[in-house]
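# An overview of the molecular structure
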Amino acid sequence: MTRPRISARISAISESATLAVDAKAKAMKAAGRPVIGFGAGEPDFATPDYIVEAAIEACRNPKFHKYTPAGGLPELKQAIADKTLRDSGYQVDAAQVLVTNGGKQAVYEAFATLLDPGDEVLVVAPYWTTYPEAIKLAGGVQVDVVTDETTGYLASVEQLDAARTERTKALLFVSPSNPTGAVYTPEQVEAIGRWAVEHDLWVVTDEIYEHLTYGDATFASIATVVPELGDKVVVLNGVAKTYAMTGWRVGWLIGPKDVVKAATNLQSHATSNVANVSQIAALAAVTGDLSAVAKMREAFDRRRQTMVRMLNEIPGVLCPEPKGAFYTYPSVKELLGKDFGGKRPQTSAELAEMILEEAEVALVPGEAFGTPGYFRLSYALGDEDLVEGVSRVAKFLTQAR
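Rules used throughout
Residues numbered from 1 in each chain as written. Predicted model: local features only at pLDDT ≥ 70, side-chain atom pairs only at ≥ 80, totals over all residues. Heavy atoms only, no water. Axes fitted to C-alpha atoms, helices over the stretch in contact; angles between N-to-C directions. Helix = DSSP H or I, 4+ residues; strand = E, 2+ residues; numbered from the N terminus. Left-handed = near helix turned anticlockwise from the far one by under 90°. Contact = heavy atoms within 4.5 Å. Nonpolar A, V, L, I, M, F, W, Y, C, P; charged D, E, K, R; others polar. 1 Å grid on protein atoms, 1.4 Å probe; cavity = no way out; pocket = protein on both sides within 12 Å on 5 of 7 lines; lining within 4 Å. Points joined across faces, edges and corners; volume = space filled by probe spheres on them. Patch = residues over 30% accessible without salt bridge, like charges linked within 9 Å, V, L, I, M, F, W, Y side chains within 5 Å. Areas by Shrake-Rupley, 256 points an atom, 1.4 Å probe, with all protein chains shown as cover. Salt bridge = Lys/Arg side-chain N within 4 Å of Asp/Glu carboxyl O.

Packing of helix H3 (residues 49-60) against helix H11 (residues 276-287) brings their axes to within 8 Å, and their N-to-C directions diverge by 145°. Our pair here, H3 against H11, has a crossing hand that is right-handed. Between H3, through Tyr-50, Ile-51, Ala-54, Ala-55, Ala-58 and Cys-59, and H11, the contact on the second element is made entirely by Val-277, Ile-280, Ala-281, Ala-284 and Ala-285. In terms of residue class, the contact of H3 with H11 is built from 11 nonpolar, no polar and no charged.

See the structure below:
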C-alpha cells in the first residue's frame, strides 16, 4: 500500500485566500496588466522613519547578531506590557508576554497551547482566514456563530449561548473585526465577557486593530472591561497594522504565566527568537507616541467613507459602514445568478474571479471568510487607486441583467 506523501494534518490546511488573491494580482500586474488590488490587509504607508532608524542602529550593534531569548528581548516584553496598560488599561508584567513572528504565530501558538483534540472554539463568522486553520492544526473544532449585515456583523450573547456545548473550551473574540470592520460597544463587550465567565470559558481576543476605530466607535479590551475573566484570557496583538509594519513580522501573545511559558517552549523549538532587528524596530514603535498612527487613521477614515458611498451606489450591493480596521464587507447576494455578458456567476467566488479577469480588480470573496455572498475590500491603499478600483467594479457590476 502506498503511503500518502503529505500528512493528513497538513493536507487539510487551505492556502491563505487573501495572500493568494494578492499574489495573483501582483503576478498580473508584473505581466503588464493594470490590476488594482483590494485583497491584502496592508497599509500603503511606509514604516515611520524613527522606527526604521532604530532598526538601522540595531544592525550595527554586534549583540543583536546573536541568538536572544526565544520568548523575546526582555526590554521589548516590558515595553509591550507598558504599552498594553497605556492603550487598553490592562495591567500585565513582562513574564506574561511572548514576542512572536507576526500575529499569525501568536494565533497558532495560543490555540496549540490551549486546545486538546475535540475541544470546541466559538468563532464569529465572517472570520479572518487564518483562524480556522490554526484551530484545526491544534486539533480543535471550530463552531461558527454566523452574523450578517442586518446586525452590523455583531454576534449576540444569545447566539453565542446557542452554539455552546459541553465541549466548548474557548471563545475567539475580535473587535475591531477583520473582515467586516465591526466594533462592539463597551457594553456589548462586557455582556459577552460576563457570559464567558459564567460558563468558565477561555477568551482569546485578537486586538491587532485596536487603534483603528472611526466616528463614535471606541475600542474596549474584554480583558479590561471584564477583569473577572482573570487568568482565562489570552490577548493577541502586533505592530503590523498600527505602525505599517506588516513585513517586519512582530506580534505578541499576552496571557497567564503558565500559558505563556508553554507557548514559549513551543516557539523555542519552532522558530527560536524573532529577528532581533525587527524586535528593536517594534520596541521603537510601541514606546513612541501615536502621532504617526493618528495620521494614518485619518487617511483610512477618509477612504472608508469614500468606499462605502461608492459601493452603496452600485445596484445590488449593500455595504454597512465599518466602524474599525480598514475593510468593507459588502453583500453582493442580489447579483448572484444575474447575467454578465452571457455568464451567470452562482457564487461570490465566481463573481470575484470575473471581476479580476474582466475589470482587473482583485478582491476577496466571502467564501474565504465563512460567509458566501460577500466581498472583502481593503481601503488601505491610495485614494486614487481606491476610486479607480471601485469605479471599475461599479462599471462591471452595473452590467447585471
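Attention shifts here to empty space enclosed by the protein. The gaps left among the atoms become clear once a water-sized probe is rolled over them. Per the stated rule, a full pass over the model turns up 4 cavities of 30 Å³ or more. As a volume, the largest cavity reaches approximately 150 Å³. Lining the largest cavity are 17 residues, with Val-124, Pro-126, Val-174, Ser-177 and Tyr-184 sitting closest to its centre. Those elements that place two or more of their residues in the lining of the largest cavity are strand S3 (120-125) and strand S5 (168-174). When the residues that make up the lining of the largest cavity are grouped by side-chain class, the tally is 13 nonpolar, 4 polar and no charged.

Looking now at a nonpolar patch on the surface. On the surface, Ile-6, Ile-10 and Ile-13 cluster together into a nonpolar patch covering about 240 Å² of accessible area. With respect to the helices, strands and loops of the structure, Ile-6 is situated in the segment before helix H1 (8-11).

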